[in-house]
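# Report on the structure
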Amino acid sequence: MSKCEQCIIRQFNALRALQKDDLIRLSGCKTTHTIKKGEVIFEEGDNVNGVYCIKDGVCKLSKLSANGKDQIVKLVVRGDLLGQRSLISDEAANLSAVAVNDMQVCFIPKHEIIHDLTHNINFSVDMLKDMAEELKLADNVIVDMAQKSVKQRLAETLLYLQTNFGEDDNGFLNIVLTRDDYANIVGTATESAIRILSQFKKEGLISTEGKQIKIEDSKALKLID
């Protein structure tokens, strides 16, 4: 089990503001978990009672709509903290978290994070900055849903995945999502997402191999209207 004070992952989130003694204390109380692809980390309505630091892997945060369909609101990646909003508001989780691929996560109990929030102003400010960034991204999603077509949103999703996750040696996106996932990200029916992806493929914008997608013409995807 890696020690928090030696872990490079903390440089990507609010934990970077903690001093060595605080990190040693966290190391003594955290628990490290392997989460398999498709497993639930927590569900909407659960009491999380701490935060998860994502050491490796990706999970999707989703909200169940009134019609029973999941809306994916964010992909949480290596270096992110998960559950801090519920912790600070002292409310049950507003979203569900499910592993997109195999993950390694460290769980830090609530009372330890609260201790650092009340004793370290830099940590508190960094945590607030992270949540402010999340709110900004949520604002952008709301605007995109209202003003952009499903085709535009799907093209932008593909470009986002290319930018943030990169490509493997064969040029395929490093993250593999199901067609349901793509539909739930852009807010459409799975059949519609499949149809648009097929259209992109026919037009030479992407190519596919099973669930894997390769972007062939990123410039053209940016021009989709």
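Residues numbered from 1 in each chain as written. Predicted model: local features only at pLDDT ≥ 70, side-chain atom pairs only at ≥ 80, totals over all residues. Heavy atoms only, no water.

Per an unreviewed UniProt entry, the protein chain is named Crp/Fnr family transcriptional regulator, and its organism is Gaetbulibacter jejuensis.

## Focus on the UniProt feature "domain: HTH crp-type" (unreviewed entry) in the protein chain
Per the UniProt record, the feature "domain: HTH crp-type" (unreviewed entry) sits at residues 148-219. For the annotated span residues 148-219, helix accounts for 54% and strand for 11% of the residues, and the straight-line distance between the end C-alpha atoms is 18 Å. (UniProt positions renumbered as here; feature names shortened; annotations may be inferred. Helix = DSSP H or I, 4+ residues; strand = E, 2+ residues; numbered from the N terminus.)

## What to know about the nonpolar core
Formed by 25 residues in total, the largest nonpolar core has its most connected members in L158, Y182, F200 and L221. The set of elements that each furnish at least two residues to this core consists of β5 (70-76), α5 (150-165), α6 (179-186), α7 (190-202) and β10 (212-215). For this core, the leading source of residues is α5, giving six residues. In contact with F200, not counting residues within four places along its chain, are K151, L154, A155, L158, L205, I206, L221 and I224. (Core = buried A, V, L, I, M, F, W, Y, C linked by side-chain atoms within 4.5 Å. Buried < 20%, exposed > 50% of the residue type's maximum accessible area, 1.4 Å probe, protein only. Contact = heavy atoms within 4.5 Å.)

## Some remarks on the sheet that holds β5
In space, the four strands of this open sheet follow the order β2-β7-β4-β5, with antiparallel pairing throughout. Strands at the two margins of the open sheet, each flanked by one partner only, are β2 (40-42) and β5. Recorded for the sheet is a direction-independent mean angle of 30° between the axes of neighbouring strands. Taken strand by strand, α6 contacts β4 (59-64) and β5, and its axis lies near 95° from that of β5. (Pairing = 2+ DSSP bridges. Axes fitted to C-alpha atoms, helices over the stretch in contact; angles between N-to-C directions.)

## Some points on unusual backbone geometry
Even without being a glycine, N49 presents a positive backbone phi close to 60°. Looking at the element boundaries, N49 is found in the loop between β2 and β3 (50-56). For D90, which is not a glycine, the phi torsion comes out positive at approximately 55°. By secondary structure assignment, the location of D90 is in the loop between α2 (84-89) and β7 (96-99).

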